[in-house]
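Observations on the model geometry
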Amino acid sequence: GEVLARWAGGISDLNSWCVYNASRDAAAQAGLAGIVEAYEAGTLGRAELQPAFEARFARAWFTAVANSVDAIRSFNAQLHESQIERFRALDKDAIAMTRVVVAGRLAQRAPSASVRASSQSEVGVLRRELEKKRRHMPTRKLIERLPNLLPRLKPCFLMSPLSVAQFLDPSMPKFDIVVFDEASQIPVWDAVGAIARGSDVIVVGDSKQLPPTSFFRTLDGDDDAEPEEGDVEDMESILKECNASGIPALRLRWHYRSRHESLIAFSNYHYYQNELMTFPSPEERSPSMGVTFRHVPEGVYERGGTRTNPIEAGRVVDEVVRMLMDAEDRDSIGVVTFNQAQQTLIQDLFDAKRRENPELERYFTNESEEPVFVKNLENVQGDERDTIVFSVGYGPDASGKPSMNFGPLNKEGGERRLNVAVTRARRRLVVFSSMTSDMIDLRRTRVTGVAHFKQFLDYAQRGPEALEAFTGHSTQANTEARFEHALRDRLAQRGYEVDERIGCAGYRIDLAIRDGKNPGKYLLGIECDGKQYRGASTARDRDRTRPSVLRGLGWNLHRVWSTQWHISPDRVLAQIDAAVVAAREAQRSEAAPEPKAPETPLIAAAPVAEAKRAKAAETTYTPASRGRYRVGQRDIYAPESDELLTRWLGLIVEAEAPILQELALRRLAGFCELASVRDRFRERFSDVLGHMLARGYVRMTGKTLWNPGDEPGAFVGVRPPGDDPESRREADQIPPEEYLAAVVAVVREQFGLPREDLAKEAASKLGFVRLTAVLAPIVDEAIERAIREEQTVEREGVISLGGA
């Protein structure tokens, strides 16, 4: 009766119940029975049904797609990184060998200096001119007399267009290629003569830099005069002519000069549509890096008189002198002014300082590799220095009223002069100005150069935020990089402060971990294999050039592969932890340098393949060094020593792998300054090694320890001892893989030889003078193993290479 009553009461829900059951059965048949059961059991709420389905479907879809793609199904992070390292090495070697080949071919083409030559031959003519003390043949005529010899002796001529017309007769054989550099400053009529002397031409220049001009060549030098119609127009350049003629063009987008991205970010946005490939710095703007604004509020621009700003000029000179006298500041320096009058004033002030302090003289002469220069907007193109000090000069006059006349910037194309001036620095740009951006009223002028100058002053004061205001959107735009987001969230859970997409434009670091002790710096840059990685045009850009540039800027880099993350996220996170530990340890080493100590490479606990490749090229066994860090009063058995022991064991394995576990134990005991190895330390060693094995920092086969990327079956190293007593190993301290490599190496070098001789030669390769009772059976086992693995064969008592 109760059941019937319940049925009668729920008759209105019968339709919904039937629909639910039909949907439930359909879902179960589609493979979602687990989700249905969890929902009915109450462990999965209604709001969680869709996310649970998407997660399960996504996992199944990923597995199905990944299994259908060979590159993903067979991907192994360690093997792939090993291949990348090998590619980097081969690519560098190919470039180095190309230089040698080219130099060799050119040397081969040159005539022998000892060959007897007729006085009328080209060689004879040249020898006679070399022996003369006076009355030499005119250069143009001499070049004309050596049409075949000179191209062999000097295949490349470096000349100005004027020198080409002066020294090269049009009747001479043509050059294969004529190359113009800084073509934006070469007038067409100057270039035509040089173009006619070649078969092909390459024109290199920047249309956003200075065109040919005579702005500062006027007799009265009145560079602050109001510009008039037709007053010294910018002249046509060969670069502009080539662009207009439709000659095929290639844009060079990689920017190398600026070691801090803020130095190029302004120009990249305003002049290059953010298309330049720039690279972020691991350090935010500071007095030693990037753009710095120095306001000189008391400065007065003498508009009606000298057209200078004496107070600002004095501040500039004082700052440069301070930099030069600072022993820790080794930057080369250049000073750039807006006008010629300010340039002359600063030069005079420097002359006075040099007379007062003779120690400054060497910084202004050829004694310095890059002497201090003082130039203006018009003649600074092509120059660069570590530090550029920028003197604006213009500002309020004695009545406090700022002028809207900024000399060269008021002319058409003035923005190009600004572009040249603000891109001369490699490390830092210090802007001295008596005016701020809010003093420039754009309603009083429509000149592009002035508008850009106002925005530059704002940028110098506020940084990249000023560019974001002009673009109307944040550079931290949200992306669909869900892998990077997932990794970022997991790192944040571990207590790291993580930023995304570091950089203003061009190349950006996917994730970066901030240094808690130095908030303005990044401790570790993490690159993923997402859009940035696959966006590279070539493998060289992707795997060698870009990482090389970033490391040169000071980044500690760590690569995370999405496939590896899918397989084992915990292992990926542990490797990042190890990389952070290594970066922090490296910072400590830099903070307390010991001049006589050997340099310790910056490594993660999971060592890099570069060290392995360098080690493979060595001919002797090199024991590991613990670097600059000492034990001191530290308790090596305390938990806080885990990081140090892990670091040291990583160094030992990286430097000496393959290494037997017992030797690694004794090496670590030596690092810890222990006189003997006791059971307590053995247990401590086992704990540290177990931790590293579990996290993939080292590998172990039998009793031999390896680096993660090592392939034990492919090991071919043979390492005899060197001069260091620590490099000498006892017979039972050498891994069996190295004995095997020694046996195979002897057979490969000496072809077939009897077993007894092979044993002696293999032992000799490893630095042993004779076969001892301990050594002989070990070497014999290596010979047997080589035969078992078919690396060698034994026929009639003679052992030779296996295979063919």
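These remarks concern the structure in this document. Given the structure is predicted, the values throughout are model-derived calculations rather than measurements. (Residues numbered from 1 in each chain as written. Predicted model: local features only at pLDDT ≥ 70, side-chain atom pairs only at ≥ 80, totals over all residues. Heavy atoms only, no water.)

Moving on, we come to the environment of Phe-350. If you trace the backbone, Phe-350 turns up in helix α14 (residues 340–356). Under the relative-accessibility criterion, Phe-350 is labelled buried at 2%. Linking Phe-350 and Val-317, residues 33 residues apart in sequence, is a C-alpha distance of 6.6 Å. Setting aside its immediate chain neighbours within four residues, Phe-350 contacts Val-317, Val-320, Val-321, Val-335, Phe-364 and Val-374. (Helix = DSSP H or I, 4+ residues; strand = E, 2+ residues; numbered from the N terminus. Buried < 20%, exposed > 50% of the residue type's maximum accessible area, 1.4 Å probe, protein only. Contact = heavy atoms within 4.5 Å.)

A word on the sheet that holds strand β17 (residues 798–801). One open sheet accounts for 3 strands, arranged β15-β17-β16; its pairing is antiparallel. Each edge of the sheet is formed by a strand with only one pairing partner; in this case those strands are β15 (753–754) and β16 (792–795). Looking at chain direction, β16 and β17 are connected through 4 bridges and run antiparallel. Bridge pairing in β17 places Val-793 opposite Ser-800. Here helix α29 (residues 775–788) sits on the sheet and contacts β16 and β17; the angle it forms with β16, its principal contact strand, is near 100°. (Pairing = 2+ DSSP bridges. Axes fitted to C-alpha atoms, helices over the stretch in contact; angles between N-to-C directions.)

Let's shift gears to unusual backbone geometry. That bond from Ala-657 to Pro-658 is cis: its omega, 0°, falls within 30 degrees of zero. By the element assignment, Pro-658 lies in the loop between α24 (642–656) and β12 (659–660). Here Asn-274, not a glycine, exhibits a phi torsion of approximately 55°, which is positive. Mapped onto the elements, Asn-274 comes out in the loop between α12 (262–271) and β3 (290–295). Notably, Glu-790 is not glycine yet its phi reads approximately 65°, a positive angle. As for its placement among the helices and strands, Glu-790 is situated in the loop between α29 and β16.

Right, let's get into the sheet that holds strand β10 (residues 518–528). The pairing of strands in a sheet happens through backbone hydrogen bonds and is either parallel or antiparallel. Pairing in this open sheet of 4 strands is mixed, and the strands run β8-β9-β10-β11 from one edge to the other. Each having just a single partner strand, β8 (498–502) and β11 (557–560) make up the two edges of the open sheet. Adjacent strand axes in the sheet meet at a mean angle of 35°, parallel and antiparallel pairs treated alike. As judged from the 4 bridges shared by β8 and strand β9 (residues 509–515), these two strands associate in the antiparallel manner.

Time to look at the layout of surface pockets. As a volume, the largest pocket reaches approximately 1,600 Å³. Taken together, 41 residues make up the lining of the largest pocket; nearest its centre are Phe-483, Glu-484, Asp-529, Gly-530 and Arg-534. Secondary-structure elements contributing two or more residues to the lining of the largest pocket are α3 (49–68), α4 (70–73), α18 (482–493), β8, α19 (531–534), α20 (539–552) and α21 (562–567). Sorting elements by how many residues they give to the lining of the largest pocket places α3 first, with 5 residues. Looking at the lining of the largest pocket residue by residue, the class counts come to 17 nonpolar, 10 polar and 14 charged. Reported here for the second largest pocket is a volume of approximately 1,200 Å³. What lines the second largest pocket is a set of 32 residues, and nearest its centre among them are Val-204, Gly-205, Asp-206, Leu-250 and Leu-252. Broken down by secondary-structure element, the contributors of at least two residues to the lining of the second largest pocket are β2 (198–203) and α11 (238–244). In terms of residue class, the lining of the second largest pocket is built from 16 nonpolar, 9 polar and 7 charged. (1 Å grid on protein atoms, 1.4 Å probe; cavity = no way out; pocket = protein on both sides within 12 Å on 5 of 7 lines; lining within 4 Å. Points joined across faces, edges and corners; volume = space filled by probe spheres on them. Nonpolar A, V, L, I, M, F, W, Y, C, P; charged D, E, K, R; others polar.)

Quick look at the packing of α24 against helix α26 (residues 679–694) now. Here α24 crosses α26 at 75°, and the two axes come no closer than 10 Å. Put simply, α24 runs roughly perpendicular to α26. The residues of α26 that touch α24, namely those facing Asp-642, Leu-645, Thr-646, Leu-649 and Gly-650, are Arg-684, Phe-685, Val-688, Leu-689, His-691 and Met-692. Here the residues of the contact of α24 with α26 are counted per class, giving 6 nonpolar, 3 polar and 2 charged. (Parallel < 35°, antiparallel > 145°, perpendicular 65-115°, else oblique.)

In this structure, Phe-390, Leu-429 and Phe-453 are the most contacted members of the largest nonpolar core, which totals 41 residues. With 6 residues, the single largest contributor to this core is helix α16 (residues 448–462). Excluding its chain neighbours within four sequence positions, the residues that come into contact with Phe-390 are Val-336, Phe-338, Leu-377, Ala-421, Val-422, Leu-429, Val-430, Val-431, Phe-432 and Phe-456. (Core = buried A, V, L, I, M, F, W, Y, C linked by side-chain atoms within 4.5 Å.)

Every buried residue of helix α10 (residues 188–195) is listed here: Val-188, Ala-191 and Ala-194. Here the buried residues of α10 occupy an arc of 120° about the axis, which is enough to place them on one side. Contact partners of the buried residues in α10: α9 (161–167), β1 (175–180), β2 and α11. (Arc of directions from axis to C-beta.)

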